[in-house]
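Read off the chains here:
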Amino acid sequence: MVGENISEEDGIVLRARNDLINASWTMSTMISKLRSIESMEVNVLREHVRSVDANSDVITDKKVLALIQEIRDVDVFNFDQDVAELIENIESSQATLDNYISAFKRLV
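Residues numbered from 1 in each chain as written. Predicted model: local features only at pLDDT ≥ 70, side-chain atom pairs only at ≥ 80, totals over all residues. Heavy atoms only, no water.

A.B. asks: Account for the overall build of the chain, naming residues and giving values.
C.D. replies: A tally of helices and strands in the chain yields three helices and zero strands. The order of helices and strands in the chain, counted from the N terminus, is α-α-α. A buried classification covers 17% of the 108 residues belonging to the chain. Restricting to contacts in the chain with at least 6 residues of sequence separation, those with at least 24 account for 81%. Counting every atom, the chain has about 8200 Å² of accessible surface; 55% of that belongs to carbon and sulfur. (Helix = DSSP H or I, 4+ residues; strand = E, 2+ residues; numbered from the N terminus. Buried < 20%, exposed > 50% of the residue type's maximum accessible area, 1.4 Å probe, protein only. Contact = heavy atoms within 4.5 Å. Areas by Shrake-Rupley, 256 points an atom, 1.4 Å probe, with all protein chains shown as cover.)

Laid out in structure tokens, this is it:
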């Protein structure tokens, strides 16, 4: 059988490497989900805000108009850059993780 003659230390190194590989796959999944969020949900959110904004010309209530203006200015509706930065950070972390995986592969 494969692996019968490996030392305990090599077994630990292999498990560590496999854990890092699984972490890398999880990061890839996270990036994929974030890109999906960025491309779909953010667009849906923007359409909702545009809808409120488009209907503002028929509203005469100053309090409602003030709220609509506040909604236009809120940063929460402009978070696509934050998502892009998060993706970049995860990709950077994943590249670092991949270097560790390669180092573990060289050990065993």
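A.B. asks: Please set out the pattern of salt bridges residue by residue, giving values where relevant.
C.D. replies: A complete count under the given rule lists one salt bridge for this structure. Between Arg-35 and Glu-91 there is a salt bridge, with its nearest N and O atoms 2.5 Å apart. Here Glu-91 lies in helix H3 (residues 80-107) and Arg-35 lies in helix H1 (residues 8-54), a separation of 56 residues in the sequence. (Salt bridge = Lys/Arg side-chain N within 4 Å of Asp/Glu carboxyl O.)

A.B. asks: Could you give an account of the nonpolar core, with specific residues and numbers?
C.D. replies: Of all hydrophobic cores here, the largest spans five residues; its members are Ile-31, Leu-34, Val-83, Ile-87 and Ile-90. By residue number, the principal contributor to this core is H3, which donates three residues. (Core = buried A, V, L, I, M, F, W, Y, C linked by side-chain atoms within 4.5 Å.)

A.B. asks: Give a detailed account of the side chain of Arg-17, specifying residues and quantitative values.
C.D. replies: Along the polypeptide, Arg-17 turns up in helix H1. Within the buried set, Arg-17 has no salt-bridge partner at all; the shortest N-O distance to an opposite charge, 10 Å, is to Asp-19. Those residues in contact with Arg-17, other than ones at most four positions away along the chain, are Ile-101, Phe-104 and Lys-105. (Lys, Arg positive; Asp, Glu negative; His and termini not counted.)

A.B. asks: Give me the side chain of Gln-94: which residues, what numbers.
C.D. replies: Structurally, Gln-94 can be placed in helix H3. Side-chain polar atoms of Gln-94 contact the side chain of Ser-28, separated by 2.7 Å. (Polar contact = N/O pair within 3.5 Å; in protein donor to acceptor, adjacent residues only side chain to side chain.)

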